[in-house]
Amino acid sequence: LFVQSRFDESLSALKRANEIEPNSLIIRAALAKVQFLVGDVREALSHNEATREMAPDFFPARMELAIMLMKSSQPERAIPVLKELYASEGRNPMMAGMLGVAYAQAGQVTEARNELRTLTQMAKHDYVPALAFAGIHASLGNVDEAFRWLDKSYKNRELGLSFLNLNQEFDV
């Protein structure tokens, strides 16, 4: 529901699911995400923190924390979280892309460009989603290059395009 921007319905469903299964990590993480999307930042961060207390290594909650910090204009606080996730996820290209976006948002242009180079190196041996490149380019203000990579993403039918309306780096 939230991918379709039906946030109120999504929030109601997740609150009900959380009442039924209060110890479900994935429900709690999704609830925090939707609370954030509807603008209830304090409640979203509270749910996220409680989820991370239950399971400190739970990837979705840690990832959502980084996203919430980035969307709250605190990319410098998101960077250490993303670095830790990147290290623990075995050099995941989407993590490198998110880290590059955070660097760009924090004004650390050299580091953001380094992540573009890292992605280019990864792409020589593994599949790297075009969205990882597009996000960094968009965050650096390279609009034409971002659109070039978004077009590749579309041609590759990347699943991440379904969430494009939720990604702030493409708000140009």
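Calculation criteria
Residues numbered from 1 in each chain as written. Predicted model: local features only at pLDDT ≥ 70, side-chain atom pairs only at ≥ 80, totals over all residues. Heavy atoms only, no water. pLDDT = per-residue confidence, 0-100. Helix = DSSP H or I, 4+ residues; strand = E, 2+ residues; numbered from the N terminus. Contact = heavy atoms within 4.5 Å. Expected span 1.5 Å × (residues − 1). Buried < 20%, exposed > 50% of the residue type's maximum accessible area, 1.4 Å probe, protein only. Arc of directions from axis to C-beta.

Draft legend 1. Spatial organisation of the confidence of the model for the protein. Averaged over every residue, the pLDDT of the protein is 88; the share at 70 or more is 92%. For the protein, per-element mean pLDDT is lowest for helix 2 (residues 25-37), which scores 89, and highest for helix 7 (residues 109-123), which scores 97.

Draft legend 2. The arrangement of the side chain of Ser 153 in detail. Its location among the elements puts Ser 153 in helix 9 (residues 143-155). Ser 153 has contacts with Ala 130, Leu 131, Glu 158 and Leu 161, leaving out every residue within four places of it along the chain.

Draft legend 3. Here's a closer look at helix 7. Taking 1.5 Å per residue, 15 residues should reach 21 Å; helix 7 reaches 21 Å between its end C-alpha atoms and fits that length. Here helix 7 has its buried residues at Ala 112, Glu 115, Leu 116, Thr 118, Leu 119 and Met 122. When helix 7 is viewed along its axis, its buried side chains cluster within an angular range of 160° and face the same direction. Where helix 7 is buried, its residues contact helix 5 (75-88), helix 6 (93-105) and helix 8 (130-139).

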